[in-house]
Amino acid sequence: MTMGNIMVLKDILEVRIPDSALAREVTEFIRDTESDLLFNHSVRVYCWGALTGVRKGMTFDPELLYTASMFAVAAVSRNIACRSSPENPRARLSQH
């Protein structure tokens with residue numbers, strides 16, 4: 001590993017997943033309703049956002065950023081699932 005990679009690893013390790021009751025509930029909900037792939041993607045979204053905020057010297061609420069990261073991906077996956085559902089009139093029209 002080069003020194004640059006060690007610094008990147010150190011920066012990532014400084015980003016902590018919030019350990020509040022809300023964050024634990026959000027984690028449990030997303031783990032129960034979404035695939036591991038989407039959960040892990042949501043964690044990466046949070047880490048990227050937190051690292052970007054730290055790098056730019058921004059003040060942010062880690063719990064809010066974590067919750068938003070978790071539900072943003074869940075909302076997108078639900079929106080896509082709804083659009084492709086046979087019960088959705090738009091989905092039925094797009095099949096013709």
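As the structure is a computational prediction, the values presented were derived from the model and not from experiment.

1. Description of the side chain of Ser42
So, point 1. Considering the arrangement of structural elements, one finds Ser42 in helix 3 (residues 36-55).
So, point 2. Once residues within four sequence positions are removed from consideration, Ser42 is found in contact with Ser69, Met70 and Val73.

2. A word on the packing of aromatic side chains
So, point 1. For the structure on display, the rule yields two aromatic pairs.
So, point 2. Both rings, one in Phe29 and one in Phe71, keep their centres 5.9 Å apart while their planes meet at 40°; by these two values the pair is tilted. In this pair, Phe29 sits in helix 2 (residues 21-33) while Phe71 sits in helix 4 (residues 62-84), placing the two residues 42 residues apart along the sequence.
So, point 3. Looking at Phe29, the relative accessible area reads 44%, which means it is partly exposed.
So, point 4. Geometrically, the ring pair formed by Tyr46 and Tyr66 is edge-to-face, given 5.5 Å between the ring centres and 80° between the ring planes. A residue pair is termed long-range when its members are at least 10 positions apart, and Tyr46 in helix 3 and Tyr66 in helix 4 qualify at 20 residues.

3. Brief notes about helix 3
So, point 1. The end-to-end C-alpha separation of helix 3 is 28 Å, in line with the 28 Å expected for 20 residues at 1.5 Å each.
So, point 2. Along helix 3, the residues classified as buried are Phe39, Ser42, Tyr46, Cys47, Gly49, Ala50, Thr52 and Gly53.
So, point 3. Where helix 3 terminates, the next one or two residues include Gly57, which has phi positive at roughly 70°.

4. Notes on the environment of Pro62
So, point 1. Here Pro62 lies in helix 4.
So, point 2. Judged by its relative accessible area of 35%, Pro62 is partly exposed.
So, point 3. With 39 residues separating them in the primary sequence, Pro62 and Ala23 have C-alpha atoms 9.6 Å apart.
So, point 4. Setting aside residues no more than four positions away along its own chain, Pro62 makes contact with Pro18 and Tyr46.

5. Here we look at the nonpolar core
Nonpolar side chains in soluble globular proteins tend to end up buried together.
So, point 1. In this structure, Val15, Ala23, Val26, Ile30, Phe39, Tyr46, Cys47, Ala50, Tyr66, Met70 and Ala74 together form the largest nonpolar core, which totals 11 residues.
So, point 2. Put simply, the parts of the chain that give this core at least two residues each are helix 2, helix 3 and helix 4.
So, point 3. In terms of residue count, helix 3 provides more of this core than any other element does, four residues in total.
So, point 4. With sequence-adjacent residues up to four places away left out, Ala23 is seen in contact with Pro18, Glu63 and Tyr66.

6. Brief notes about the confidence of the model for the protein
So, point 1. Taken over all residues, the pLDDT of the protein has a mean of 76, while the share at 70 or more is 64%.
So, point 2. A low-confidence stretch, residues 1-5 (pLDDT under 50), is modelled with two contacts involving residues beyond four sequence positions or located in other chains.
So, point 3. Below pLDDT 50 for its whole length, residues 88-96 participates in seven contacts with residues either more than four positions away or in separate chains.

The rules behind these values
- Residues numbered from 1 in each chain as written.
- Predicted model: local features only at pLDDT ≥ 70, side-chain atom pairs only at ≥ 80, totals over all residues.
- Heavy atoms only, no water.
- Helix = DSSP H or I, 4+ residues; strand = E, 2+ residues; numbered from the N terminus.
- Contact = heavy atoms within 4.5 Å.
- Phe/Tyr/Trp six-rings, centres within 6.5 Å; stacked < 30°, edge-to-face > 60°.
- Buried < 20%, exposed > 50% of the residue type's maximum accessible area, 1.4 Å probe, protein only.
- Expected span 1.5 Å × (residues − 1).
- Core = buried A, V, L, I, M, F, W, Y, C linked by side-chain atoms within 4.5 Å.
- pLDDT = per-residue confidence, 0-100.

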